[in-house]
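Notes for the structure review
Letter by letter, the chains look like this.
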Amino acid sequence: MTNANPSSSKEEFHFFADVCSYVDQAAKYSNHDPGLLAQIKACNSVYRFQFPIRKGNSFEIVHAWRVEHSHHMSPTKGGIRYSDMVNEDEVMALAALMTYKCAIVNVPFGGAKGGIKINPKNYSVAELENITRRYTVELTKKNFIGPGIDVPAPDYGSGEREMSWIADTYLAMNPGSLDALGCVTGKPIALHGITGRKEATGRGVAYAIRECVSVAEDMKKLGLTPGLEGKKIIVQGLGNVGYHTSKFLLELGATIVGFCEYEGAIYNEDGLDLEDVIKHRKESGSILAYSKAKKEFKNSAEGLEQPCDILVPAALENQITEKNVGRLQAKIIGEGANGPTTPGAAAAFLEKGGIIVPDMYANAGGVTVSYFEWLKNLSHVAFGRMARRYDENSSTNLMNLIESTTGITLSAEQRRVVVKGASELELVNSGLEDTMVRSYHEIREKKMQRNIDSLRTAAFVVAVDKIATSYSNMGIWP
Ligand code: NAD
């Protein structure tokens, strides 16, 4: 058997304390009862467990967690991280961030998070399936999963495939349960997932950055022009979040000048072609030695320090620390990952006059669309299915009436644009964009109204105020 109990080195970690310190900072701008604040900060349920799996002719112990941070709303919700770096403190911190994130974007869930302490690269697909199914069984046995209880989703190291295994295992253990498929989100479309979920977090990060740079007054203070057009951006991490953030930022007119991956970083101040970089990495196994890069760095962290307007860390936590923050050239950090900037680094960056678009708002697109997926699973019908043809027919009748009364004839293309009913993807993207736009300005307005030092603190003030209201309305029972 391998893998000793990982909780022995717990005292090294303080990510959860960092998240709590953000709440303490936010509390100064409100007037909540200290007991209520203590309840808001605490992790309500921490389930640490282990199970054996077969590996070749031997056995291995897998360590895992599921943390439900807050039950001010049900179900709780949060991704499952597959990483050999996972520890209890990290899962608690990420669960807490989920609570605040959901409150900020008005998604009616409490926060949760899961962790499986493995490096997925060291396991075959069959072994990963065993691990995922066993993890789901353990959660089911302890009532830590269910469409009305706790709903996992993908996170670092997991994706649609793992979510399918979870859904299928839960369904097998709850035969006949009509809503069983709402037990997990981020599923493939063919297994009752929702269009647009895969790219939702990255799309949301791109909208968050677009909103930030749209405020002329704030950009003036940074010496930047408003708008994404021509903004130079470095992205760390080319996984789900990093790739899609890059894709949508490019579509919105930005230039990606640098990519940082775990094997190294590449840079070209004139811009890099995302799809070509991905193709090169797929073929060669590395982003390094890319012929159209002007510079490359074997030490990936150096890539973060190159000239740009905006830095998007979209890989892991603790990437921008007090050690490297002074060398960053970006004026804006758009946090795609959870917890990529340590509190000390964040303070130093703000001191220099920079803006941080904080993680629990910036990467909330994933949970927003997960919410739409959950709603779809509970209603058992795809968005737009009932109304689409009816809307198209109504609009056609209206167009016919306008043409006959005005004598103006629309072109086929004009007619198509006006008459077309919304597809599920269009509804999802429009709901996502609306959420990201409204939430950014809610946070920024709170910052201005209460003279708050940063968008992160303002976002926590928004979140804590809403959670406090929920807890106060619920009262305490029994
Ligand atoms: P992922 O596994 O798809 O991608 C992570 C990428 O980061 C990988 O390509 C990996 O090689 C790279 N990476 C790892 N270490 C690195 C390093 N030291 N330097 C540079 N690159 C490195 O994971 P993801 O789903 O994209 O998640 C990334 C971050 O975004 C995590 O912090 C996660 O919690 C957060 N997040 C994800 C979602 C989601 O919907 N997937 C939602 C909200 C937040």
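Residues numbered from 1 in each chain as written. Predicted model: local features only at pLDDT ≥ 70, side-chain atom pairs only at ≥ 80, totals over all residues. Heavy atoms only, no water.

Some details on the nonpolar core
Of all hydrophobic cores here, the largest spans 112 residues; its most connected members are Tyr 100, Phe 259 and Ile 332. The element contributing the most residues to this core is helix 3 (residues 88-104), with 12 residues. Non-local contacts of Phe 259, meaning those with residues more than four positions away in its chain, are made with Val 235, Leu 238, Ser 246, Gly 264, Ala 265, Ile 266, Leu 272, Leu 274, Val 277 and Ile 287. If you look at the next biggest cluster of nonpolar residues, it comprises 26 residues, including Ile 118, Ile 145, Met 163 and Ala 167. (Core = buried A, V, L, I, M, F, W, Y, C linked by side-chain atoms within 4.5 Å. Buried < 20%, exposed > 50% of the residue type's maximum accessible area, 1.4 Å probe, protein only. Helix = DSSP H or I, 4+ residues; strand = E, 2+ residues; numbered from the N terminus. Contact = heavy atoms within 4.5 Å.)

Quick notes on the sheet that holds strand 11 (residues 332-334)
If you trace the 7 strands from one edge of the open sheet to the other, you get 9-8-7-6-10-11-12, paired in mixed fashion. The open sheet has two free edges, formed respectively by strand 9 (295-297) and strand 12 (355-357), since each of these has just one partner strand. Sheet twist, expressed as the mean angle between neighbouring strand axes with direction ignored, is 15°. Relative to strand 9, strand 8 (residues 264-267) runs antiparallel, the two sharing 3 bridges. Across the sheet, the residue bridging to Tyr 267 is Lys 295, located in strand 9. Along the sheet, helix 6 (residues 200-214) contacts strand 10 (310-313), strand 11 and strand 12; its crossing angle with strand 10, the most-contacted strand, is approximately 155°. (Pairing = 2+ DSSP bridges. Axes fitted to C-alpha atoms, helices over the stretch in contact; angles between N-to-C directions.)

Here's the deal with the site of the ligand
The environment of the ligand is made up of 25 residues, and the closest members are Arg 81, Asp 155, Thr 201, Glu 261 and Asn 338. Between an oxygen atom of the ligand and a side-chain N or O atom of Thr 201, the distance comes to 2.7 Å. Separating a nitrogen atom of the ligand from a side-chain N or O atom of Gln 236 is a distance of 3.5 Å. Relative to its unbound accessible area of 820 Å², the ligand is 86% covered by the protein chains. Listing elements by their share of the shell around the ligand, those giving two or more residues are helix 8 (240-251) and strand 7 (255-261). For the shell around the ligand, the residue count by class is 9 nonpolar, 11 polar and 5 charged. (Near = heavy atom within 4 Å. Polar contact = N/O pair within 3.5 Å; in protein donor to acceptor, adjacent residues only side chain to side chain. Areas by Shrake-Rupley, 256 points an atom, 1.4 Å probe, with all protein chains shown as cover. Nonpolar A, V, L, I, M, F, W, Y, C, P; charged D, E, K, R; others polar.)

Quick word on the side chain of His 244
As for its placement among the helices and strands, His 244 is situated in helix 8. Only 2.9 Å separates the side chain of His 244 from the backbone oxygen of Asn 240, close enough to count as a polar contact. When near neighbours in sequence (up to four residues on either side) are disregarded, His 244 contacts Lys 198, Glu 199, Gly 202 and Gly 239.

Topic: the side chain of Asp 359
Its place among the elements puts Asp 359 in helix 12 (residues 359-362). With relative accessibility at 3%, the residue Asp 359 sits in the buried group. Within the structure, Asp 359 has its side chain in polar contact with the side chain of Arg 456 (distance 3.3 Å). When residues no more than four places from it in sequence are discounted, the contact partners of Asp 359 are Leu 97, Lys 101, Glu 335, Ala 337, Asn 338, Gly 339, Pro 340, Ala 364 and Arg 456.

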